[in-house]
Amino acid sequence: METASSAAPLKRSLAQPPSSSDASGDSTLIDIQNLDFYYGAKQALFDINLRIPDKRVTAFIGPSGCGKSTLLRCLNRMNDLIDGTAVKRGTIKVRGVDIYGRTVDPIELRKRVGMVFQKSNPFPKSIYENITYGLRIQGVNNKTRLDEVVEKSLRGAALWDEVKDRLHESGLGLSGGQQQRLCIARTIAVEPEIILMDEPCSALDPIATAKVEELIHELKKQFTIIIVTHSMQQAARCSDRTAFFYMGKLIEFDETRNIFMNPKNPQTEAYVSGRFG
Amino acid sequence: MPPASHTPPAPAPSFAIQKERTRFLGLTLDECIQGFFGGNAVVAVIVLGLITLFLFREGSSFFRQNQDNLSIYRQAGLEYVDFIRTQEESHTALTRYLSDLRLRALRHHMDADGLAVADANARLASFDEFAGRFSDAVEPIRGLRSELGDVAVAIKTRHINNLNRIQQRAQLVAAGKPDEAAAVELETIDFAGEIVALTATLPLYEEASGAFATALNEIVATPPPLPTLELTARVARFQELTADYVATFPATIEAMRAWDHTAPVAFSESFTAFIFGREWLTASFWQDWYGVLPLFTGSLLVSMIALTLAVPLGVGAAIYVNQLATPAEQRAIKPTIEFISAIPSVVLGFFGIAVLGEFLRVASGWEWLAWFPGFPFAERLNALTAGCLLGLIAVPTIFTLAEDAINNVPRAFKEASYALGATRLQTIVRIIVPAALSGIISAVLLGLGRVIGETMVVLLCAGNRIAIPDFTAGLSVITQPVHTMTGIIAQEMGEVVPGSIHYRALFVVGLLLFFIALLINFVAQKIVRRYKISVG
Ligand SMILES: Nc1ncnc2c1ncn2[C@@H]1O[C@H](COP(=O)(O)OP(=O)(O)O)[C@@H](O)[C@H]1O
Ligand SMILES: [Mg+2]
């Protein structure tokens, strides 16, 4: 029935008020239930159950290979690009809409769920074109509108003052930290609701890292942020909630404070106190 | 434990890192390997250098010889006669315009008026009379040209024979036979004296030219009636053309008057006569011309046709295989395309003659393809046939290199694009192709290099007519037969006398090809290097 425009129901639903809320009173935006995920025959995620709150920063931590990136990339269906991957069981709902539903268009989903990658990856185009890309592919070509969005996004990513005089120079000419903030600006330019960040600071020096972390603080007023990080300090500094994964399973999910000060699970405790990982 | 002072210090374990290496002829294995590969590289460079040197050595004296060739052309007065010949040829072009006009009128009578051929021809009687008079008007000029031509050729022949005898004598002297050498008679040709026989006829020519002009003006003043407005407009156009033509007569006379058989031919003229010469004419009884332009434009035309086909096919296939195909398709398509380059080009040429050329000729007659420029055509072998096959030859080169370039686009660009909500097509068109563009351009350039250098296919299929393709015909130029730089070398090299000017001219064509290939490769490498820096 709804095959004509698979995107419409998703958009409409995303705009609806949240239906459920968790113990601390935050409303749930993303609801993951009993998720099993496979790379071909290899199972990478085991029975994940997770409720990610709206307008909060949620951190995914855990030793490498535990499935943090895999789960993150399930949330905007980036895993679809890899042959042989499949969600074999369970659902992921954003505002009650199953994003793996038959009528969902992943293209529409990705406009609502942006992503920042581990290694900054601006396009080999000008700064201006990098930021307007997301809008241009949606058919927006109005110069004034694009100019507005460029300024707003760059301000939003705390990059405006540094690049306002060279908007038409290549994005590849920026420093590593600036490139990563450019990627963030490019992501917020399409006004997603959720921003996924996969170890966004792992290739940055401490000063650039601090800037991005500051930015995350600002962004959470408008966006729901999910950040994968290797650094426990970073999780502690920026996130409201933290989920700890181990070997493809969700071990513990709680207020960040509790995860670090008062973990309930001994594996979590061992990890956050630096005994393995 | 006894105190340390009581035991003698244990000898320190020796730090043995020296080792005698096996040596062959005093060289270590490493040095041998290095020498071997270094040696190979040196041999390759030397061979390349020798090829260049050889081409230069064989080709360079061409320009000197061509200078002599052009000097004789002037000294013997052939140049003088060619003023008249040019005038005559322009007249022939005008009569061709009339024939075309007649054909149109005939067709009109048959199609629109529904007349039988005989009746339609009868209707054109007055036109034929007109055309006949126009065509005959040139006769006095033609007769004069023919007479003068004989004189000029006679001077040239004597001169050439004399040159041959000089050479013969030099050879005899070198062979140590001075007596026989002395026996070879030489003559000194008094060009100034001989040429008078030509130049003295100028008043005669002036008179003939004046009469010719008057005759033409008279004839075209009363054109025959033609059935349609369109045809009448063409007649008016013809009148204009004729008026323009007649207006050039005084300039011709002026040029003939100013002509001087002693004016030296500069070395640079020999050069420009080669590069910009519009005629490649050898073993002619009149004058040999070594102008590379018809061959160059032929090569260019065929190559452009080839690229027009090969670029979309090769780049499209590269994009498809790299971005869209399933692994099974990839496994099937890649080797298939690469297999094309394993087909011997002479086999492709056969295919072109026997199948493709014939097919294109037949297809060109199909009603629904009539919109295609140049269709229908009668010549089975032409630039289009050769271009199609060359396109096929270029596809593997372009495909392989373009696929490489696309494959080198970092995966991160693609992911970033998808993450912003782009579709597959948008990602390909806006991100992947632009990022790979310089690689793709250089792939196309190398494809061009492959095509320009290809010989067998063009020799067999291009039609081998030595003439600059008539670009005024618009796109239908692609159905004309052409000759190419590679084709001419392959065709004529076997027949020429080594050391002759013709032989050397072929070497210079080879040299030109060599430089074109060098230039194409150089530009392609430059572009690739820039690409590496920008994406790096
Ligand atoms: N493209 C892939 N194909 C197959 N297995 C993969 C792929 N990507 C990740 N994996 C596997 O899935 C598991 C989880 O990986 P990942 O989510 O990248 O871990 P993390 O981000 O926590 O370090 C690992 O065992 C990894 O080997
Ligand atoms: Mg990861």
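Structural data are supplied above this passage.
Here we summarise the structure given alongside this text.

Parameters at a glance
Residues numbered from 1 in each chain as written. Chains lettered and ligands numbered in written order. Predicted model: local features only at pLDDT ≥ 70, side-chain atom pairs only at ≥ 80, totals over all residues. Heavy atoms only, no water. 1 Å grid on protein atoms, 1.4 Å probe; cavity = no way out; pocket = protein on both sides within 12 Å on 5 of 7 lines; lining within 4 Å. Points joined across faces, edges and corners; volume = space filled by probe spheres on them. Helix = DSSP H or I, 4+ residues; strand = E, 2+ residues; numbered from the N terminus. Nonpolar A, V, L, I, M, F, W, Y, C, P; charged D, E, K, R; others polar. Domains from an automatic or database assignment. Contact = heavy atoms within 4.5 Å. Buried area = accessible area lost by both parts, 1.4 Å probe. Salt bridge = Lys/Arg side-chain N within 4 Å of Asp/Glu carboxyl O. Polar contact = N/O pair within 3.5 Å; in protein donor to acceptor, adjacent residues only side chain to side chain. Patch = residues over 30% accessible without salt bridge, like charges linked within 9 Å, V, L, I, M, F, W, Y side chains within 5 Å. Areas by Shrake-Rupley, 256 points an atom, 1.4 Å probe, with all protein chains shown as cover. Core = buried A, V, L, I, M, F, W, Y, C linked by side-chain atoms within 4.5 Å. Buried < 20%, exposed > 50% of the residue type's maximum accessible area, 1.4 Å probe, protein only. Pairing = 2+ DSSP bridges. Phe/Tyr/Trp six-rings, centres within 6.5 Å; stacked < 30°, edge-to-face > 60°. Lys NZ or Arg CZ within 6 Å of the ring centre and 35° of its normal. Axes fitted to C-alpha atoms, helices over the stretch in contact; angles between N-to-C directions.

Residues and elements named next belong to chain B. A volume near 720 Å³ is recorded for the largest pocket. Gln65, Ile160, Asn164, Ser500 and Ile501 are, among the 21 residues lining the largest pocket, the residues nearest its centre. Of all the secondary-structure elements, those providing two or more residues to the lining of the largest pocket are helix H1 (29-75), helix H5 (139-174) and helix H20 (501-535). At five residues, the largest contribution of residues to the lining of the largest pocket is made by H5. Considered class by class, the residues forming the lining of the largest pocket number nine nonpolar, nine polar and three charged. Viewed by domain, the lining of the largest pocket spans two of them, domain 2 (62-266) and domain 3 (301-535), each represented by three or more residues.

Taken together, the contact pairs 26 residues of chain A with 19 residues of chain B. In total, chain A and chain B occlude about 1,800 Å² of area from one another, counting both sides; carbon and sulfur atoms represent 66% of this. The interface formed by chain A and chain B contains one salt bridge. For glutamate 415 of chain B, the salt bridge identified is with arginine 73 of chain A, shortest N-O distance 3.1 Å. For the pair chain A and chain B, the number of links is five residue pairs in polar contact (both at pLDDT 80 or more). Counting only elements with at least two residues in the side of chain A that touches chain B, the list comes to helix H3 (106-112), strand E6 (113-116), helix H4 (127-136) and helix H7 (176-189) of chain A.

Here we come to a nonpolar patch on the surface. Taken together, the side chains of Phe24, Leu25, Leu29, Ile33, Phe36 and Phe37 of chain B define a hydrophobic patch exposed on the protein surface, amounting to about 700 Å² of accessible area. Structurally, phenylalanine 37 of chain B is set in helix H1.

Membership of the largest hydrophobic core comes to 118 residues, with the highest contact counts inside it found for Ile30, Ile32, Leu50 and Phe60 of chain A. Leave out the neighbours within four places in its chain, and isoleucine 30 of chain A touches Leu50, Arg51, Ile52, Leu75, Ile92, Lys93, Val94, Ile194 and Ile226 of chain A. In this structure, Leu78, Tyr80, Ala137 and Trp259 of chain B belong to the second largest nonpolar core, which totals 49 residues.

Attention shifts here to the pairing of strand E10 (residues 249-255) of chain A. Residues and elements named next belong to chain A. Note that strand E9 (residues 241-246) and E10 share six bridges and pair antiparallel. Within the sheet, the bridge partner assigned to phenylalanine 244 lies in E10 and is glutamate 252. As consecutive antiparallel partners, E9 and E10 are separated by two residues, and within that stretch methionine 247 has a phi angle of approximately 50 degrees, a positive value.

A word on the packing of aromatic side chains. Per the stated rule, a full pass over the model turns up 31 aromatic pairs over all chains. Here the aromatic rings of tryptophan 280 of chain B and tyrosine 290 of chain B are separated by 5.6 Å at their centres, their planes lie at 90 degrees, and the arrangement is edge-to-face. Pair noted here: tryptophan 280 of chain B is in strand E3 (residues 280-281) and tyrosine 290 of chain B is in strand E4 (residues 289-290), with a separation of 10 residues, a long-range link. Residue class for tyrosine 290 of chain B comes out buried when judged on its relative accessible area of 3%. These aromatic residues form a ring-pair network of at least three members: Phe62, Phe63, Phe267, Phe271, Phe274, Trp280 and Tyr290 of chain B. Here the basic side chain of lysine 88 of chain A rests over the ring of tyrosine 38 of chain A, its NZ or CZ set 4.2 Å away from the ring centre. For arginine 186 of chain A, the ring lying beneath its charged end belongs to phenylalanine 123 of chain A, and the centroid distance is 4.5 Å.

With that settled, the discussion passes to the sheet that holds E9 of chain A. All names here are of chain A. In spatial order, the strands read E6-E7-E8-E3-E9-E10; together these six strands make up an open sheet with mixed pairing. Strand pairing shows two members of the sheet lacking a second neighbour, E6 and E10, which therefore form its edges. Here the strands of the sheet are splayed against their neighbours by 20 degrees on average, with no regard to which way each runs. Examined bridge by bridge, strand E7 (residues 194-198) and strand E8 (residues 224-228) share five bridges and lie parallel to one another. Note that in E8 the partner of methionine 197 across the bridge is isoleucine 227. The strands that helix H8 (residues 206-219) touches are strand E3 (57-61), E7 and E8; relative to E8, the one it contacts most, it runs at about 150 degrees.

Attention now moves to the pattern of salt bridges. With the rule as written, the count across this model stands at 43 salt bridges over all chains. Across the pair glutamate 358 of chain B and arginine 361 of chain B runs a salt bridge whose closest N-O atoms are separated by 2.8 Å. Remark: arginine 361 of chain B and glutamate 358 of chain B occur in helix H14 (residues 345-363); sequence separation between them is three residues, near one turn of the helix. Taking the relative accessible area as the measure of exposure, glutamate 358 of chain B reaches 28% and is therefore partly exposed. Salt bridges here are not isolated pairs; linked through shared partners, they connect Asp54, Lys55, Arg95, Arg112 and Glu193 of chain A.

In short, the description is geometric, and any link to function would need to be established separately.
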